[in-house]
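Below are the chains, spelled out letter by letter.
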Amino acid sequence: MTYVVTEACIKCKYTDCVEVCPVDCFYEGANMLVIHPDECIDCGVCEPECPPEAILPDTESEAEKWLEMNREYSEQWPNITRKIDALPEADAMQAEKGKFDRFFSPKPGEGT
């Protein structure tokens, strides 16, 4: 099992999850984070730290479609190991639906 980041992270990019991850398996895109599934140790400490509830175990049916996306972008984006400020629109975007099709960016973030 591993954890995955879903579209609820897009345009929010809270990094509370990064701060508690013991193995630094988060990677930063321009407007979201992903988890490298081969680095995740399935500890689950990140899941309750995510304000928009964007992190799910891959055993949930909704998570299945996000597993390969997390794998693909975790191999392209820089590793993030420290908490940074959320995106300015994060609070307003938390409840937004259908964010992937409208807002996803394949561009990398800055990494820390």
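Conventions used here
Residues numbered from 1 in each chain as written. Predicted model: local features only at pLDDT ≥ 70, side-chain atom pairs only at ≥ 80, totals over all residues. Heavy atoms only, no water. Salt bridge = Lys/Arg side-chain N within 4 Å of Asp/Glu carboxyl O. Helix = DSSP H or I, 4+ residues; strand = E, 2+ residues; numbered from the N terminus. Buried < 20%, exposed > 50% of the residue type's maximum accessible area, 1.4 Å probe, protein only. Polar contact = N/O pair within 3.5 Å; in protein donor to acceptor, adjacent residues only side chain to side chain. Contact = heavy atoms within 4.5 Å.

A.B. asks: What is the right way to read the pattern of salt bridges from this model?
C.D. replies: Side chains bearing opposite charge may pair, as long as their charged atoms lie close to each other. Scanning the model with the defined rule gives 6 salt bridges in all. With a closest N to O distance of 2.8 Å, Asp38 and Arg71 form a salt bridge. Taken together, the residues span a long stretch of sequence, with Asp38 in the loop between strand E3 (33–35) and strand E4 (55–57) and Arg71 in helix H2 (residues 64–74) at a distance of 33 residues. A relative accessible area of 56% means that Asp38 is categorised as exposed. Assessed through its relative accessible area of 23%, Arg71 is described here as partly exposed. Salt-bridge contacts for Glu68 lead to Arg71; the nearest nitrogen and oxygen are separated by 3.5 Å. Of the two residues, Glu68 and Arg71 are both situated in helix H2; the distance of 3 residues between them amounts to about one turn of the helix. Given a relative accessible area of 48%, Glu68 falls into the partly exposed group. Residues participating in the shared-partner salt-bridge network are Asp38, Glu68 and Arg71.

A.B. asks: What's the story with the side chain of Asp16 in this structure? I'm lost.
C.D. replies: Among the secondary structure elements, Asp16 is positioned in helix H1 (residues 16–20). One polar contact links Asp16 to Lys83, side chain to side chain, over a distance of 3.3 Å. The residues contacting Asp16, other than those within four sequence positions of it, are Glu49, Pro51 and Lys83.

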